[in-house]
Amino acid sequence: TRSLTITSVDQSMFEKAQGEKVTLPCTFELSEEDEGPLDIEWVLIPADNQKKEQIIIMYAVDRVYNHYYAGLTGRMQFTNLDPRSGDGSLDILNLKASDTGTYQCKVKKAPGVQSKKIQLTVLVKPARTKCSIEGSQEIGKDVTLKCVSQEGSPLLSYDWRRVSGTQNLPATSMLNKNTGELLLKNASREYSGTYNCVATNRVGTDECSVELNVTPPVNTAGIITGAIIGTLLALSVLCSIIFCFCKKHREKKYEKEVHHDIREDVPPPKSRSSTARSYIGSNRSSLGSMSPSNMEGYTKTPYSQVPSEDFERAPAQSPAFAPSKVAAPNLSRMGAVPVMIPAQSKDGSIV
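Remember, predicted model here, so these are calculated numbers, not experimental data.

Peer 1: Quick question: what am I supposed to make of unusual backbone geometry here?
Peer 2: Only a minority of non-glycine residues have a phi that is not negative, and only a minority of peptide bonds are not trans. A cis amide bond, omega 0°, links Ala 110 with the succeeding residue Pro 111. In this structure, Pro 111 sits in the loop between strand S10 (101-109) and strand S11 (112-123). The peptide bond linking Pro 154 to Leu 155 adopts the cis configuration, its omega dihedral lying at 5°. Along the chain, Leu 155 turns up in the loop between strand S13 (143-151) and strand S14 (157-162). You will see that Arg 128, though not glycine, has its phi angle at about 50°, which is positive. Within the secondary structure, Arg 128 is located in strand S12 (residues 127-134). With a relative accessible area of 54%, Arg 128 lands in the exposed category. Even without being a glycine, Asn 186 presents a positive backbone phi close to 50°. On the secondary structure map, Asn 186 appears in the loop between strand S16 (181-184) and strand S17 (193-201).

Peer 1: For this particular structure, what's the right way to read the nonpolar core?
Peer 2: In summary, soluble globular proteins display a tendency toward joint burial of nonpolar side chains. Within the largest apolar cluster, 26 residues are counted, with the highest numbers of intra-cluster contacts made by Leu 24, Trp 42, Ile 56, Ile 92, Tyr 103, Val 107 and Leu 120. Leave out the neighbours within four places in its chain, and Tyr 103 touches Leu 24, Trp 42, Val 43, Leu 44, Ile 56, Leu 72, Ile 92, Lys 116, Lys 117, Ile 118 and Leu 120. Val 143, Leu 182, Ala 199 and Cys 208 belong to the second largest nonpolar core, which has 18 residues in total.

Peer 1: What exactly am I supposed to notice about the sheet that holds strand S7 (residues 63-65) here?
Peer 2: One key point about sheets: their strands pair by backbone hydrogen bonds, in either a parallel or an antiparallel sense. Ordered in space as S2-S11-S10-S5-S6-S7, the 6 strands form an open sheet in which the pairing is mixed. If you trace the sheet from one side to the other, it starts and ends with strand S2 (13-17) and S7, each paired once. Ignoring strand direction, the axes of neighbouring strands in this sheet form an average angle of 20°. Where S2 meets S11, 5 bridges bridge the pair, whose relative direction is parallel. Counted as the bridge partner of Ala 17 is Leu 123 from S11.

Peer 1: Could you clarify how one ought to interpret the state of the cysteines in this entry?
Peer 2: A covalent bond between the sulfur atoms of two cysteines is referred to as a disulfide. Evaluation of the coordinates by the stated rule reveals 3 disulfides. Here Cys 26 engages in a disulfide with Cys 105; their sulfurs sit 1.9 Å apart. Torsion about the S-S bond of the Cys 26 and Cys 105 cystine: about -70°, corresponding to left-handed handedness. Separated by 79 residues along the polypeptide, Cys 26 in the loop between strand S3 (22-24) and strand S4 (28-29) and Cys 105 in strand S10 bring together distant segments of the chain. Here Cys 26 matches Cys 105 in class, with each residue buried. Between the sulfur of Cys 131 and that of Cys 208 lies a disulfide, 1.8 Å long from S to S. Its torsion about the S-S bond being 80°, the disulfide of Cys 131 and Cys 208 is classed as right-handed. With Cys 131 in strand S12 and Cys 208 in strand S18 (residues 204-212), this residue pair connects regions lying 77 residues apart in the sequence. Sequence-ordered numbering of the disulfide-bonded cysteines in the protein gives the connectivity 1-2, 3-6, 4-5.

Analysis parameters
Residues numbered from 1 in each chain as written. Predicted model: local features only at pLDDT ≥ 70, side-chain atom pairs only at ≥ 80, totals over all residues. Heavy atoms only, no water. Helix = DSSP H or I, 4+ residues; strand = E, 2+ residues; numbered from the N terminus. Buried < 20%, exposed > 50% of the residue type's maximum accessible area, 1.4 Å probe, protein only. Core = buried A, V, L, I, M, F, W, Y, C linked by side-chain atoms within 4.5 Å. Contact = heavy atoms within 4.5 Å. Pairing = 2+ DSSP bridges. Axes fitted to C-alpha atoms, helices over the stretch in contact; angles between N-to-C directions. Disulfide = S-S within 2.5 Å.

Below, the structure is given as structure tokens:
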């Protein structure tokens, strides 16, 4: 007895690039014994066996149902608009990396039932590949050229080539195709030039370039000496500025103290009355030391003439006092030692 048979058995694995389109084949033949309604289902089998199969699209009772799986909504359809013709193949558009998985086509028409599994792998092309240089680009140093793709499904392979000059890699170079590193040992001026890296996987390629410029060693001693001299000059200028600022600040502070501070150790100015009293005191002290031999000049000046405010007048304004006989002042009250003053009588004798 013949039954339903799936005829598309040739290819069961597909590899496609992200963004492309794939057609998963599922053609079949019906037998005379298959009299039931035609039912075609596409299911996604998860990698985890603990999870259930997920229906993504179905044809039943002359109608298509494609709203079961949100991840492929709007991106899948039956290849033939009328699957009853024997073609239940599935088209998936604008592939994504998440579409990778195992898909199963099930065809039912009672009593016949057949299924087929297809493995789909969506690969990402290498993209955003960047080239860089690691190490000192000096003569005699080791330099490493690096190449890395930011996107791309494994397995990625990297290959370097020289664009300028002889277009051959230096004899001392060592290439790691898995990591994309190109080691140039004991670099020389001849190594200078443009280098190109090509990243490749099963679905595409991407590339980048870098410019290598090997130069003589830098005179580090001269740089250090110049840096030290520059630092010392900067410090000297800074110290000069600070010194001038402090000096100016001290001068301003001194001027402020001289003009505004009150000196407590300076005595107040003498008044006229104090001047007169000092004059009397000086005369009294002079009297105490007088002797009869030097009394002649002082007897002509009466003691009653005490300096007053008129004492400080100019000689032209001072009043003339007539000599008069007055009694000797009480020296004991003045704080002076009593002294015997000789006097002359009318007959010329001293008493």
